[in-house]
Amino acid sequence: MIGLISYLAIVGSLLLALWKYPAVALAGVLCMFGLEQWGQATHPFFAQNQTFTNYAVGGILLLALTFKLLKGQNLFANYTAAGWLVLGLFSYTFVTAIWAPRADLSLNVLLSRWPYVFTIVVLTPVIISSRNDLQTSFKAFILTGSLLTLLLLIFVPWEARTIVLEYGRGNPLAVSGMAGMVALSAILADPWPSSRIWKITKWIVAALCVILVIRSGSRGQLLGLICLSALCWPISRRMKDVKQFVFWIALVLFLTIITTWALQEFWAKQERYYAGGNRWSEQAMEGALSGRFDQGLYLVRLWFNSPETVVFGLGNSASYDPRILGIYPHFVPLEILAEEGLIGFAIFLAILYVAARNALQCSRLVRLDPKERSIFAALLAMFLYTLLLAFKQGSLLGNLEPFMFAIILGKYAKLCLSDTSQVYTTEFAEESSPQTFGKYPVLR
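Rules and cut-offs
Residues numbered from 1 in each chain as written. Predicted model: local features only at pLDDT ≥ 70, side-chain atom pairs only at ≥ 80, totals over all residues. Heavy atoms only, no water. Axes fitted to C-alpha atoms, helices over the stretch in contact; angles between N-to-C directions. Helix = DSSP H or I, 4+ residues; strand = E, 2+ residues; numbered from the N terminus. Parallel < 35°, antiparallel > 145°, perpendicular 65-115°, else oblique. Left-handed = near helix turned anticlockwise from the far one by under 90°. Contact = heavy atoms within 4.5 Å. Nonpolar A, V, L, I, M, F, W, Y, C, P; charged D, E, K, R; others polar. Phe/Tyr/Trp six-rings, centres within 6.5 Å; stacked < 30°, edge-to-face > 60°. Buried < 20%, exposed > 50% of the residue type's maximum accessible area, 1.4 Å probe, protein only. Salt bridge = Lys/Arg side-chain N within 4 Å of Asp/Glu carboxyl O. pLDDT = per-residue confidence, 0-100. Core = buried A, V, L, I, M, F, W, Y, C linked by side-chain atoms within 4.5 Å. Expected span 1.5 Å × (residues − 1). 1 Å grid on protein atoms, 1.4 Å probe; cavity = no way out; pocket = protein on both sides within 12 Å on 5 of 7 lines; lining within 4 Å. Points joined across faces, edges and corners; volume = space filled by probe spheres on them. Bend = angle between axes of the 7 residues up to and from the residue.

Two elements in contact, helix 6 (residues 81–96) and helix 15 (residues 332–365), have axes separated by 9 Å at closest approach and are oriented at 165°. As far as their axial angle goes, helix 15 and helix 6 are roughly antiparallel. Crossing handedness for the pair helix 6 and helix 15: left-handed. For the pair helix 6 and helix 15, the contacting residues are Ala81, Ala82, Leu85, Val86, Gly88, Leu89, Tyr92, Thr93 and Thr96 in the first and Glu339, Glu340, Ile343, Gly344, Ile347, Ala350, Ile351 and Val354 in the second. Here the contact of helix 6 with helix 15 is composed, by residue class, of 11 nonpolar, 4 polar and 2 charged.

The following block contains the structure:
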């Protein structure tokens, strides 16, 4: 019964918050696959109706967008170059399926994935229309994701690294990906900086997330979580004195201790996955990485067979052809190069360039604002985290989050620039006024 009650509580809370805070819909999107597995593991209705959660989250998102329109907000204000590039990449992706070796297989994959592309890449970024929207979404995501992390860690049956559903097994990478983003948000975003309870709770949340990632056997997610927490902490906190450096060391030690304990607890005796060692051995990790890279290189060699495929690509989802791989190569950049050709890969590189430019712009604009600096650090970490995962799992049509975060990062940069320009204009007017003296524009 706890499964149904908690599921309804999560969905109901998001629905109740929508009118006042439409941006909480972003939390629903980020938690969609975790919520889906929670429902299917605890109640037969969700196992028998496996798309129910997807439709529920899609409905929440559409309702949020409707409320924004009713309030007179322009959903496509501050749309970004990154957004147009992402839309261009996926539009071209759909076109390339026409000349794939097995166009029937490619079109079937596209038909199964287009609702997710439309929801995550097209609709979700337009939810963010102000800097307050982003902070609200982080709060909702931490609350929802933390609850789901706790529920999935304690109240569902596990077999090896997967959650046992009513019918079948869950996807460990989906729940660990959610847990990693929750941990990054809790550590870096710090949306309740003045709350004493939160100062303690956030470390409990981070610990639970690390444990869930390790419980699911997700090596890339663990590496990304630890490395990006350490790398983005100085952005969030500005390490300008010894005290902040000590805090940074404490963060690294904390994550190391939790990781060591969880590995001993869940994986010390697991030796069923690889001959001569467990899933976390150096040999096993090197083998998995080289295997993915080899699959990508095999696809690239086929791409290089003719000038036409070099320019235009083999066609999206060409790797699904049984004569090629029979599945995607688990290495998105090489997949894009081979299946979308130089045209698609150039657009992909342009997206990364624009995202890097937006990140540098944000870092300059928010450097003196602790609240915004924390939000930016978390947003940047989540973009880099999802991008890192694209180098070791899934396909272009299955790794949509880095493109979504690239668009949101661009919108955030525009919002920061717009607010800064207003500060300059207002303070310059005050400085020029006969009634005020000595005021100069500053970046806040």
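Turning to the packing of aromatic side chains, a few remarks are in order. With the rule as written, the count across this model stands at 22 aromatic pairs. For the pair Tyr79 and Trp84, a centre-to-centre distance of 5.1 Å together with 75° between the ring planes defines the contact as edge-to-face. Where Trp192 meets Trp198, the ring centres are 5.0 Å apart and the plane angle is 70°; that geometry is what we call edge-to-face. Residue Trp192 is classed as partly exposed on the basis of its relative accessible area of 24%. Aromatic ring contacts, followed pair by pair, group Tyr7, Phe45, Phe46 and Phe52 into a single cluster.

In total, this model carries 6 salt bridges according to the counting rule given. The partner of Asp133 in a salt bridge is Lys68, with the nearest N and O atoms 2.9 Å apart. You can see Asp133 sitting in helix 8 (residues 131–154) and its partner Lys68 sitting in helix 5 (residues 52–70), a full 65 residues away along the chain. Owing to a relative accessible area of 1%, Lys68 belongs among the buried residues under this scheme. Here Asp321 makes a salt bridge to Arg323, at a shortest N to O gap of 2.7 Å. Among the residues examined, Asp321 registers a relative accessible area of 3% and is labelled buried. For Arg323, a relative accessible area of 61% corresponds to the exposed category.

It should be kept in mind that the predicted coordinates are not to be read in detail where pLDDT is low. Per-residue confidence for the protein chain gives a mean pLDDT of 89; residues scoring 70 or more make up 92%. Low confidence marks residues 273–277, where pLDDT is under 50. Its contacts with residues over four positions away, or in another chain, come to 10 contacts. Scored below 50 in pLDDT, residues 423–444 shows 21 contacts in the model against residues more than four places distant or in partner chains.

The subject of this paragraph is the nonpolar core. Formed by 121 residues in total, the largest nonpolar core has its most connected members in Phe90, Leu188 and Tyr412. In terms of residues, this core owes the most to one element, helix 16 (residues 370–389), which gives 12 residues. In this view, Tyr412 contacts Arg131, Leu134, Cys362, Val366, Glu372, Ile375, Phe376 and Leu379; residues no more than four positions away in its chain are not counted.

Let's shift gears to helix 10 (residues 196–215). Spanning 20 residues, helix 10 covers 30 Å between terminal C-alpha atoms, matching the ideal 28 Å at 1.5 Å per step. Every buried residue belonging to helix 10 is among Trp198, Lys202, Val205, Ala206, Ala207, Cys209, Val210, Ile211, Leu212, Val213, Ile214 and Arg215, and all of these are buried. Where helix 10 is buried, its residues meet helix 8, strand 1 (158–159), helix 9 (172–189), helix 11 (219–237) and helix 12 (242–267). Two residues or fewer past helix 10, Gly217 is found with a positive phi of approximately 65°.

This part is about the environment of Glu265. With respect to the helices, strands and loops of the structure, Glu265 is situated in helix 12. Owing to a relative accessible area of 48%, Glu265 belongs among the partly exposed residues under this scheme. Each C-alpha atom of the pair Glu265 and Ile214 lies 9.7 Å from the other, and the pair is 51 residues apart in sequence.

Approximately 1000 Å³ is the volume attributed to the largest pocket. Secondary-structure elements contributing two or more residues to the lining of the largest pocket are helix 2 (25–30), helix 3 (32–42), helix 7 (103–123), helix 9, helix 16 and helix 17 (401–432). For the lining of the largest pocket, the per-class residue count stands at 18 nonpolar, 16 polar and 4 charged.

Under the counting rule described, the total for this entry stands at 1 cavity of 30 Å³ or more. There is about 60 Å³ of room inside the largest cavity. Leu26, Leu30, Leu134, Ser137, Phe138, Phe141, Leu379, Met382, Phe405 and Ile408 are the residues that line the largest cavity. At the level of secondary structure, the elements contributing two or more residues to the lining of the largest cavity comprise helix 2, helix 8, helix 16 and helix 17. No other element matches helix 8, which puts 4 residues into the lining of the largest cavity. Classifying every residue of the lining of the largest cavity by side-chain character gives 9 nonpolar, 1 polar and no charged.

As a further point, take helix 11. An ideal rise of 1.5 Å per residue puts 27 Å on 19 residues; helix 11 measures up with 27 Å between its terminal C-alpha atoms. In the structure, helix 11 departs most strongly from a straight axis at Leu231, where the bend amounts to approximately 30° and where the proline Pro234 lies between one and four residues downstream. Two residues or fewer after helix 11 comes Arg238, characterised by a positive phi angle close to 55°.

A positive phi angle, close to 50°, is found at Asp190, a residue other than glycine. Position of Asp190 among the secondary structure elements: in the loop between helix 9 and helix 10. Given the relative accessible area of 15%, Asp190 is considered buried. Of note, the phi angle at His330 is positive, near 65°, even though the residue is not glycine. Overall, His330 belongs to the buried group, its relative accessible area being 18%.

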